[in-house]
Amino acid sequence: MTDFSNVPSTDALKLQAKRLRQQLKTSGVEVGHSKSLELVAQQYGARDWNTLQARSSNRLQLRVGDRVRGRYLGQAFTGEIRGLSLMGDGEHRQVTLHFDTPVDVVQFESFSALRQRVKGVIGWGGCSPQKTSDGVPQLIVEGPA
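Report follows, based on the coordinates. (Residues numbered from 1 in each chain as written. Predicted model: local features only at pLDDT ≥ 70, side-chain atom pairs only at ≥ 80, totals over all residues. Heavy atoms only, no water.)

1. Details of the nonpolar core
Phase 1 of the analysis: Counting 14 residues, the largest nonpolar core has L62, V68, F77, L97, F99, L139 and V141 as its most contacted members.
Phase 2 of the analysis: Listed by contribution, the elements that provide at least two residues to this core are β1 (67–72), β2 (75–86), β3 (92–104), β4 (114–123) and β5 (139–144).
Phase 3 of the analysis: Ranked by residue count, the leading element in this core is β3, at 4 residues.
Phase 4 of the analysis: Beyond its immediate stretch of four places on either side in the chain, L139 contacts R71, Y72, F77, V95, L97, G120, I122, G126, C127 and S128. (Core = buried A, V, L, I, M, F, W, Y, C linked by side-chain atoms within 4.5 Å. Buried < 20%, exposed > 50% of the residue type's maximum accessible area, 1.4 Å probe, protein only. Helix = DSSP H or I, 4+ residues; strand = E, 2+ residues; numbered from the N terminus. Contact = heavy atoms within 4.5 Å.)

See below:
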């Protein structure tokens, strides 16, 4: 199985293809735009450019210190990423979030349980594999706040 955990953005991949095409041209080898995209895909171990592009464009790019928004146990939040690490399978990341405003994780009227800092696991699309009882991901990180 190919590890796509280090694939950059689609724009960065296209820039790599452009540079490759220019470098090959200075060496006397002319290749078209499509061929250079396919060569870049091969460098990352993808079957073809479409496969690599799908893996790249579906990835939520996150860094420690980023301001993000999303939903935790159905409650909307904005906050900051305080920790981020790649899980062993390469398909998931563990993220530590500090919410601007605490989120009530209990849906009963008789009591509350507020959380301001949470840790969870998300896939490259920003959703946790764990789901609530109604089938919604427990944690959804949507992107910049």
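More follows now that the structure is in view.
2. As for helix α2 (residues 33–43)
Phase 1 of the analysis: The complete set of buried residues in α2 reads S36, L37, V40 and A41. Looking straight down α2, one finds its buried side chains confined to an arc of 145 degrees; they lie on one side. Opposite the buried face of α2, at more than 90 degrees from it, the exposed residues are S34 and Q42.
Phase 2 of the analysis: One or two positions beyond α2, positive phi appears at G45, with a value near 85 degrees. (Arc of directions from axis to C-beta.)

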